[in-house]
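Here is what each chain is made of, one letter per residue.
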Amino acid sequence: AQRGQDLSAASSEAGRRTTERGQDLSDARARELAAATAAKEKLPTEAHGKASLFGSRAAEAHAIMNRLEEKISTSGLAAKRAMEGVPIIGGAYGAAGNVLLSKDQQKVEQAQRDFVNAILRLESGAVISEQEFANAQKQYFPQPGDGKAVIDQKRQNRITAIDGLKTMAGPLGAKVAPKGNSGIVFLGFE
């Protein structure tokens, strides 16, 4: 009877150790799976990459706007846009109007184009109509007659859009920032 009890206790102890070892292995596997899943979630996706690209373009355009906003005439840009809108010969008028813009106005116009394209391309992924583009310009950039409060509101709209792109960029969000000028000058252009 004593020997039977000893064998039973030994068998029970062996079963307990086996159960504990199984639980330890299960816990280790669960930890490995959790770590692998967490690592996989941190990997950037294609959507993160696109948001980072468009966000960086928008951030750079915003930085250019902030540097030049006070130095340009919004009336000059509006006049050029009006000239471009003339049926049939608007293209030629637009080219002539571009020559009349200052270097800073040309940079601002390009920054506006880049910002709007970055925001709208990510939103729709499709071709941006002239009407959508014009509406976005009014939404994000100073127009002739805008007061300081409206200009500040439009600047904040740009910041909000860029912050949204940073969030969409996920693990690449920290890379959404203006890169600055390259310092390279080619044919008189930066």
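Computed from a predicted structure; not experimentally measured. All residue numbers refer to position in the chain's written sequence, counted from 1. For a predicted model such as this one, the threshold for reporting local features is a pLDDT of at least 70, and the threshold for listing and counting side-chain atom pairs is 80 or more; totals across whole chains, interfaces and linings nevertheless cover every residue. Side-chain numbers here rest on the full set of heavy atoms in the structure, without hydrogens or water.

1. Overview of the overall build of the protein
1) Next: Only runs of H or I of at least four residues qualify as helices and only runs of E of at least two qualify as strands under DSSP, and these elements are numbered from the N terminus. Regarding its fold elements, the protein presents seven helices and zero strands.
2) Next: Starting at the N terminus and walking to the C terminus, you meet the elements of the protein as α-α-α-α-α-α-α.
3) Next: Per-residue burial for the protein yields a buried fraction of 27% across its 190 residues.
4) Next: Contacts are assigned to residue pairs that have any heavy atoms within 4.5 Å of one another. The contacts in the protein between residues at least 6 apart in sequence include a share of 68% that link residues at least 24 apart.
5) Next: Per element, the accessible surface of the protein, about 12,400 Å² overall, is 58% carbon and sulfur. Think of it in three bands: residues with accessible area under 20% of the maximum for their type are buried, residues over 50% are exposed, and the middle band is partly exposed, with areas taken using a 1.4 Å probe on protein chains only. The protein chains shown are the only cover counted for residues, whose accessible areas, like all others here, come from Shrake-Rupley with a 1.4 Å probe.

2. Some details on the nonpolar core
1) Next: Counting residues in each nonpolar core, the largest one holds 29 residues, and the members touching the most others are Ala58, Phe115, Ile119 and Tyr140.
2) Next: For this core, the secondary structure elements donating two or more residues are helix H2 (46-68), helix H5 (103-124), helix H6 (130-140) and helix H7 (148-168).
3) Next: Considering every element that reaches this core, the biggest residue donor is H2, with eight residues.
4) Next: Non-local contacts of Phe115, meaning those with residues more than four positions away in its chain, are made with Ala58, Ala61, Tyr140, Phe141, Arg158, Ala161 and Ile162. Nonpolar cores are built from buried Ala, Val, Leu, Ile, Met, Phe, Trp, Tyr and Cys residues. Side-chain atoms within 4.5 Å join them into one set.

3. A word on the packing of H2 against H7
1) Next: Orientation is described by lines fitted to C-alpha atoms, with helices fitted over the stretch in contact, and by angles between N-to-C directions that extend from 0 to 180 degrees. Contact geometry for H2 and H7: axes closest at 8 Å, N-to-C directions at 155°. One element, H2, and the other, H7, form an angle in the roughly antiparallel class. Note on packing geometry: the crossing formed by H2 with H7 is left-handed. Along its contact with H2, which presents Ala47, His48, Ala51, Phe54, Gly55, Ala58, Ala59, His62, Met65 and Asn66, the element H7 presents Arg155, Arg158, Ile159, Ile162, Leu165 and Met168.
2) Next: By the convention adopted, Pro, Cys, Tyr, Trp, Phe, Met, Ile, Leu, Val and Ala count as nonpolar, Lys, Arg, Asp and Glu as charged, and the other residues, Gly among them, as polar. Of the residues assigned to the contact of H2 with H7, the class counts are 10 nonpolar, four polar and two charged. Convention used here: angles under 35 degrees read as roughly parallel, angles over 145 as roughly antiparallel, angles from 65 to 115 as roughly perpendicular, and any remaining angle as oblique. For any helix crossing, the convention is left-handed if the near helix is rotated counterclockwise from the far helix by under a right angle, and right-handed if that rotation is clockwise.

4. A word on H7
1) Next: Helices are assigned an expected span. That span is 1.5 Å times one less than the residue count. In this model, H7 (21 residues) spans 30 Å end to end at C-alpha, consistent with the 30 Å of a helix rising 1.5 Å per residue.
2) Next: When H7 is considered as a whole, its buried residues turn out to be Ile151, Lys154, Arg158, Ala161, Ile162 and Leu165. The buried residues of H7 occupy an angular sector of 95° when projected down its axis, which confines them to one face. Counted as exposed and oriented over 90 degrees from the buried face of H7: Lys148, Ala149, Gln153 and Thr167.
3) Next: Residues of H7 that are buried in the fold lie against H2, H5 and H6. Comment: arc refers to directions from the helix axis out to C-beta atoms.

5. Section: the side chain of Ser52
1) Next: Within the secondary structure layout, Ser52 lies in helix H2.
2) Next: What Ser52 contacts, discounting residues up to four positions off in sequence, is Ala169, Leu172, Lys175 and Val176.

6. Considerations on the packing of aromatic side chains
Any aromatic ring pair is given by two values, namely how distant the centres are and how the planes are angled relative to each other.
1) Next: To pair, rings of Phe, Tyr and Trp, with the six-membered ring standing in for Trp, must have centres within 6.5 Å; the planes then decide the type, stacked if under 30 degrees apart, edge-to-face if over 60, and tilted in the middle. Inspection of the entire model under this criterion finds three aromatic pairs.
2) Next: Taking the centre distance of 5.6 Å and the plane angle of 80° together, the rings of Phe115 and Phe141 count as edge-to-face. Taken together, the residues Phe115 in helix H5 and Phe141 in the loop between H6 and H7 connect sequence positions 26 residues apart. Each of the two residues, Phe115 as well as Phe141, counts as buried.
3) Next: Put simply, the rings of Phe115, Tyr140 and Phe141 pair up and form one aromatic cluster.

7. Examining the confidence of the model for the protein
1) Next: Scored between 0 and 100, pLDDT is the confidence that the predictor attaches to each residue. For the protein, per-residue confidence averages 81 on the pLDDT scale, and 85% of positions sit at 70 or higher.
2) Next: Taken together, the stretch residues 182-190 has pLDDT below 50 and engages in five contacts with residues farther than four places along the chain or on a different chain.

8. Some thoughts on the environment of Leu43
1) Next: By secondary structure assignment, the location of Leu43 is in the loop between helix H1 (2-42) and H2.
2) Next: Residue Leu43 is classed as exposed on the basis of its relative accessible area of 53%.
3) Next: It is 9.2 Å that separates the C-alpha atoms of Leu43 and Gly170, two residues lying 127 residues apart in sequence.
4) Next: The contacts of Leu43, once residues within four sequence positions are left out, are His48 and Pro171.

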